Amino acid sequence: MAAKKHNDPFWWTLFGAGGTLSAFLLPVHVALIGIAIPLGWLEAPGYESLRSLVEHPITRIYLFVLISLSLFHWAHRFRYTLYDGLMLKHLESYIMVFCYGGALAGTIITAILVITF
Amino acid sequence: MEQTITLQVQRYIPEQYPEPYFQSYEVPLRKKWVILDALNYIKDEIDGTLTYRWSCRMGVCGSCGMMVNDRPALTCATFLEEYAPGPVRITPLDYFGIIRDLVVNTDDFMGKLKRAQPWLITDEAKPLSEGAYKQTPQEKAEYEQYSMCINCMLCYSACPVVGLEPDFVGPAAIALAQRYNYDSRDEGEDQRNEELTGEGGIYSCTLVGECSEVCPKAVDPAGAIQRYKATGAVEWWQSVLMPWKGKS
Ligand code: SF4
Ligand code: FES
C-alpha cells in the first residue's frame, strides 16, 4: 500500500525555513524599529539613510526572502490550525488554496514592491 | 485505621451494558504501591470481574498503559501516593477501541507498526559463511534511543493528531522506523520513506510534542519525527532538482 507522492515535504521546507528566519530576525526588527528607536535608545536613522538602505539590492532581496518565507510559514501553520483546531480537514483543497494561495499572492505583491520601490 | 483512596474505574461490559460507566472502589493507600497494585487489589479482594492488561510490573512489557486522571501512564510505574487524597480516575487509553473495561483493541496500532516496517531490510541476505553483521558502538549509539520503545502506545493516546486523523501512522511507529533507518546494517530506508512521507505519514505531525512528554522510555518520538521530516525534505528536493540521481 505505497502512498502517493506528496508535496508535503515542499510545503514543510518553506514552513521550516520561514519559521527559523522569522523567529531569529523578526524580533530584531521589532526590537530596533518598534522599541529601541521610539524610546530613544538608538538615534533614529532618518528618512534618507533608511531609504538608501532599503534601495540597496541586498536589502531588497533580504526583505523579499524574509517576508515571503514568513508568509509561507503562516500558511502551513494556519492550514493545520484549520484542520485540527476547527476540524475542517474535509475542506482540505479549499484550505490549501486559501493558505498557500494567500502566501503566494503576498509573495507576488512583495516582489513587485521590492522591485519597483 | 489504614488510610484509603478512591479509584474511579471506567467499566465496559458490552454484553451487559451497551455503554461504559464508572465504578468506584476504595483501596488502601499504601506507600510504594503503584496504580497497578491498587487494580490488583481490587481484582483479588473486591471485584474479580475487573479486566485490564499487565504482565511484567516493571516497565518493560508495555501492556499496562491506561489513562490516569486523563493522562496516559504506565500503571506499574505510577505511584498511587502521588494522587492522594484522590479520587483517581482510571480509564482505558484514549483513541483506541475498548474491548472490555480497561483493555483496548491494539489491531489498528499493529497495522501502523507494520506500515513502518520496523525490521532489518537488506537488499541481499549475506550468506552465513560470511559471518555476522558487525557494528561499532558508535553505529549502535545512532539508533539505540529509538530501540528502547516498548510499544506501550502511551504516545498514541497523548497525540491529538492520532485522535483527529485515523490514518496517521503515529509516534512510536515512526520512531521505530528511525530505529532501523539509522541502523548501519539496514538498507530499507527507501521502502520506509515511500510509506511514511505520504498520506498519514510524518508530515501529518504538527509537533505537539506530547508523545515525548509521556514516553516512559525517553524514546523522544517527536524528535524522531522532526529528523525524519528533514530527511524527507532533502529527499524531495533531490528528486525534483536532480531527478537523474533516482533511487539508490
Ligand atoms: S515511543 Fe515511548 S510512549 Fe510510544 S510506544 Fe514507545 S515506549 Fe511507549
Ligand atoms: S506491567 Fe509491564 S510495563 Fe507495566
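Note that this is a predicted model, so its numbers are computed, not measured. Position numbers for residues start from 1 in each chain and track the written sequence from start to end. Labels follow written order: the first chain is A, the first ligand is 1, and so on. A pLDDT threshold of at least 70 governs which residues receive local features in this predicted model, and a stricter bar of 80 or more applies before side-chain atom pairs are shown or counted, although totals over entire chains, interfaces and linings include all residues. The basis for the side-chain values is all heavy atoms of the structure; hydrogens and waters are excluded.

Before going further, it helps to spend a moment on the overall build of chain B. Secondary structure elements are defined from DSSP: runs of H or I of at least 4 residues count as helices, runs of E of at least 2 residues count as strands, and each element is numbered from the N terminus. Regarding its fold elements, chain B presents 9 helices and 7 strands. With respect to the three principal axes, the spread of C-alpha positions in chain B is 75 × 40 × 30 Å. By definition in these notes, contact holds between two residues if any of their heavy atoms fall within 4.5 Å. Long-range pairs, those at least 24 residues apart, make up 65% of the contacts in chain B with a sequence separation of at least 6. Residue-level accessible areas treat just the shown protein chains as cover; the underlying method is Shrake-Rupley with a 1.4 Å probe. Within the structure as shown, chain B displays about 12600 Å² of accessible surface, and the carbon and sulfur contribution to it stands at 51%. All tallies of charge rest on Lys and Arg as positive and Asp and Glu as negative; His and the ends of each chain are not included. Every charge is mapped to an atom, namely NZ of Lys, CZ of Arg, CG of Asp or CD of Glu. The centroid of the 24 positive side-chain charges in chain B is displaced by 4 Å from the centroid of its 35 negative side-chain charges.

Centres within 6.5 Å are what make two rings of Phe, Tyr or Trp a pair, Trp counting through its six-membered ring; a difference in plane orientation under 30 degrees is then read as stacked, over 60 as edge-to-face, and the rest as tilted. Per the counting criterion, the structure on display carries 15 aromatic pairs over all chains. Between Y17(B) and Y21(B), the aromatic rings sit 5.1 Å apart at their centres with planes inclined by 75°, giving edge-to-face as the arrangement. Aromatic pair Y146(B) and Y182(B): ring centres 6.3 Å apart, planes at 35°, arrangement tilted. Of this pair, Y146(B) sits in the loop between helix 3 (137–144) and helix 4 (154–158) while Y182(B) sits in the loop between helix 6 (171–181) and helix 7 (189–196); the two residues are 36 residues apart in sequence, bridging distant segments of the chain. Partly exposed describes any residue whose relative accessible area lies between the buried limit of under 20% and the exposed limit of over 50%, with all areas from a 1.4 Å probe on protein chains only and scaled to the type maximum. By relative accessible area, which is 3% here, Y146(B) ends up buried. In this structure Y182(B) comes out as partly exposed when scored by relative accessible area, which is 22%. Three or more aromatic residues joined by ring pairs make a cluster, and in this case those are F10(A), W11(A), F72(A), Y100(A), W236(B) and W237(B). Charge over a ring is defined by NZ of Lys or CZ of Arg lying within 6 Å of the ring centre and within 35 degrees of the ring normal. In this structure, R179(B) packs its charged tip against the face of Y180(B), placed 4.0 Å from the ring centre. Here R227(B) stacks its cationic end above the ring of Y182(B), 4.0 Å away from the centre of that ring.

Residue and element names in this part refer to chain B. For two strands to be treated as a pair, DSSP must find no fewer than two bridges joining them. Taken together, 5 strands build an open sheet; the order of strands is 2-1-5-3-4 and the sheet is mixed. Every other strand in the sheet has two partners, leaving strand 2 (21–28) and strand 4 (71–74) as the edge strands with one partner each. Adjacent strand axes in the sheet meet at a mean angle of 35°, parallel and antiparallel pairs treated alike. Across the sheet, helix 1 (residues 35–46) touches strand 1 (4–11), strand 2, strand 3 (65–68) and strand 5 (88–91), and the angle it forms with strand 2 is around 95°. Between N-to-C directions, angles cover 0 to 180 degrees, with each direction set by a line fitted to C-alpha atoms, over the stretch in contact for helices.

Residue and element names in this part refer to chain B. Looking at chain direction, strand 1 and strand 5 are connected through 3 bridges and run parallel. In the sheet register, V9 faces strand 5, and the bridge partner there is I90. When strand 3 meets strand 5, the two strands line up antiparallel, connected through 2 bridges. Looking across to strand 5, one finds that M67 is bridged to T91.

Residues and elements named next belong to chain A. Tracing the sequence through the fold places S68 in helix 3 (residues 57–85). Of the residues examined, S68 reaches a relative accessible area of 7% and is grouped as buried. Here the alpha-carbon distance between S68 and G18, two residues 50 residues apart in the chain, equals 7.9 Å.

Joining through side-chain atoms within 4.5 Å is the link that ties buried Ala, Val, Leu, Ile, Met, Phe, Trp, Tyr and Cys residues into a set, and such a set is a nonpolar core. Core analysis: the largest hydrophobic core is formed by 61 residues, its most contacted members being L7(B), V9(B), L39(B), I42(B), L80(B), I90(B) and Y156(B). For each domain, the first and last residues come from an automatic or database assignment. Split by domain, this core shows at least three residues from each of two domains, domain 1 (4–104) and domain 2 (107–246) of chain B. Setting aside chain neighbours within four positions, we find Y156(B) in contact with Y95(B), F96(B), F109(B), K112(B), V162(B), V169(B), G170(B), P171(B), A172(B) and A173(B). In this structure, L69(A), L82(A), Y83(A) and A103(A) belong to the second largest nonpolar core, which totals 12 residues.

All names here are of chain B. According to the domain assignment, chain B consists of domain 1 (4–104) and domain 2 (107–246). The interface of domain 1 with domain 2 comprises 16 residues on the first partner and 18 residues on the second. Across the domain 1/domain 2 interface, buried area totals approximately 1200 Å², and carbon plus sulfur atoms make up 67% of it. Basic side-chain nitrogens of Lys or Arg form a salt bridge, by our definition, when they fall within 4 Å of a carboxyl oxygen of Asp or Glu. Inspection of the region where domain 1 meets domain 2 yields 1 salt bridge. Among the ionic pairs, E210 bridges to R71, the shortest N-O distance being 3.4 Å. We define a polar contact as two N or O atoms separated by no more than 3.5 Å, with the added condition that, inside protein, one atom must be a possible hydrogen donor and the other a possible acceptor, whereas residues neighbouring each other in sequence contribute only through side-chain atom pairs. Summed over the shared surface of domain 1 and domain 2, the result is 3 residue pairs in polar contact (both at pLDDT 80 or more). Counting only elements with at least two residues in the side of domain 1 that touches domain 2, the list comes to strand 3 and strand 4. For the side of domain 1 that touches domain 2, the element with the highest residue contribution is strand 4, accounting for 4 residues. Each residue gets one label: Ala, Val, Leu, Ile, Met, Phe, Trp, Tyr, Cys and Pro are nonpolar, Asp, Glu, Lys and Arg are charged, and the others, such as Gly, are polar. Broken down by class, the residue content of the side of domain 1 that touches domain 2 amounts to 11 nonpolar, 3 polar and 2 charged. Buried area counts how much accessible surface, traced with a 1.4 Å probe, disappears from two parts once they are put together, with both parts' losses summed.

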